[in-house]
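Inside the fold
Chain residues, written in single-letter form:
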Amino acid sequence: MLAAMSEPTETRKQRAARRAGEFPPVPEPLPRPVPDSHTHLDITVSEAGTPPPPRADGDRGAGPTGDPVAAAVAVAASVGVDRLVQVGVDVASSRWGADVADTQPAVLATVALHPNEAPRLPDLDEALREIEALAARDRVRGIGETGMDFFRTGEEGRAVQEESFRAHIAIAKRYGKALVVHDRDAHADVLRILDDEGAPDTVVLHCFSGDADFARECVRRGYLLSFAGTVTFGSAAALREAAALTPVEQLLVETDAPYLTPMPHRGRPNASYLIPLTVRSLAETTGTDLDRLCAALSATGDRVFGPW
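Notes on the structure in this doc start here.

About the thresholds
Residues numbered from 1 in each chain as written. Predicted model: local features only at pLDDT ≥ 70, side-chain atom pairs only at ≥ 80, totals over all residues. Heavy atoms only, no water. Pairing = 2+ DSSP bridges. Helix = DSSP H or I, 4+ residues; strand = E, 2+ residues; numbered from the N terminus. Axes fitted to C-alpha atoms, helices over the stretch in contact; angles between N-to-C directions. Contact = heavy atoms within 4.5 Å. Core = buried A, V, L, I, M, F, W, Y, C linked by side-chain atoms within 4.5 Å. Buried < 20%, exposed > 50% of the residue type's maximum accessible area, 1.4 Å probe, protein only.

Things to note about the sheet that holds strand E5 (residues 178–184)
The 8 strands lie next to each other as E1-E2-E3-E4-E5-E6-E7-E8, forming an open sheet whose pairing is parallel. Two strands lie at the open edges of the sheet, namely strand E1 (34–39) and strand E8 (251–253), each paired on one side alone. Across the sheet, the mean angle from the axis of one strand to that of its neighbour is 30°, orientation sign disregarded. Strand direction decides the pairing type here: strand E3 (residues 107–111) and strand E4 (residues 140–149), joined by 3 bridges, are parallel. When the sheet's bridge partners are listed, Thr 110 is paired in E4 with Gly 142. Against the sheet, helix H7 (residues 187–197) contacts E4, E5 and strand E6 (203–205), and its axis sits at roughly 150° relative to E5.

Written out as structure tokens, the structure is:
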């Protein structure tokens, strides 16, 4: 989860739009289904509601009623986003995600303490014990988002962030699950800690935010780079350069919903059904045929998190 931690300072109008649930229109479906490798259904439905599916005539319609999580999953599936990874950021959201994954066949979960959460906890060890207990569940397929964030947490909190990150790496290795890394303004330290501890077999750099040099270091180590709607922003030339040099087999795509909405809808609430906009942008950036890119993203999602 990046929220205000990943986007520029939001305007009042943007915040009001998110609260009001002014979702963008539903895009054209993808030619092949792909997974959303990192989303926050709990935050999406609580902050912005449920994006309604299109009517037969293509209009957005009045929207579904009933379970908002099931409705959000259905909208995503209608455009070819048929698998979602619900990501935990604290004990409560991790438990919620694990429970949802048990009831929604299209949803898998990851569990963790966000790096900005760790320094605020009165008892980090107890929280880590609860995360580890959740990690043992079958439909929990990743440990994250964990990592380092030097943007929101000052020098006084970095030691606790690092302690928490190292503990999450150990949990991922003990349970043989993917490590989902949050990295903001901390590229060198993230690599240092992963190298020190010995990285798990599967490492995903969530919402990749580095330049080409950092991307090369991650690719060389065999890590997966997951790109969010930020790669579509006009100011994101460095991100597109990083994506262009990443082998297609090491690419993932995500929403980080309800944040980081792809262009041309930046500032409005995001949801998994908008993944096609980011995938089409990545296809153009990487020079990859759209059908081939979708097939690769699907296969990589299953390799990292699946089977659903």
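Side note on the nonpolar core
Taken as a class, soluble globular proteins show a tendency for nonpolar side chains to be buried jointly. Counting 74 residues, the largest nonpolar core has Phe 165, Phe 208, Phe 227 and Val 279 as the members making the most contacts within it. Per element, the largest residue contribution to this core is 6 residues, and it comes from helix H5 (residues 124–135). Look past the residues within four positions of Phe 165 in its chain and what remains in contact with it is Thr 146, Gly 147, Met 148, Leu 179, Val 181, Val 190, Ile 193 and Leu 194. Listed in part, the 11 residues of the second largest apolar core include Val 204, Leu 252, Val 304 and Trp 308.

Some words on unusual backbone geometry
At the junction of Gly 144 and Glu 145, the peptide bond is cis and its omega measures out at 15° in the coordinates. In this structure, Glu 145 sits in strand E4. Cis geometry marks the peptide bond from Ala 257 to Pro 258; its omega dihedral reads 15°. The topology assignment puts Pro 258 in the loop between E8 and helix H10 (275–286). Of note, Cys 207 is a non-glycine position whose phi angle comes to about 45°, a positive value. For Cys 207, the position within the fold is in the loop between E6 and helix H8 (212–220).

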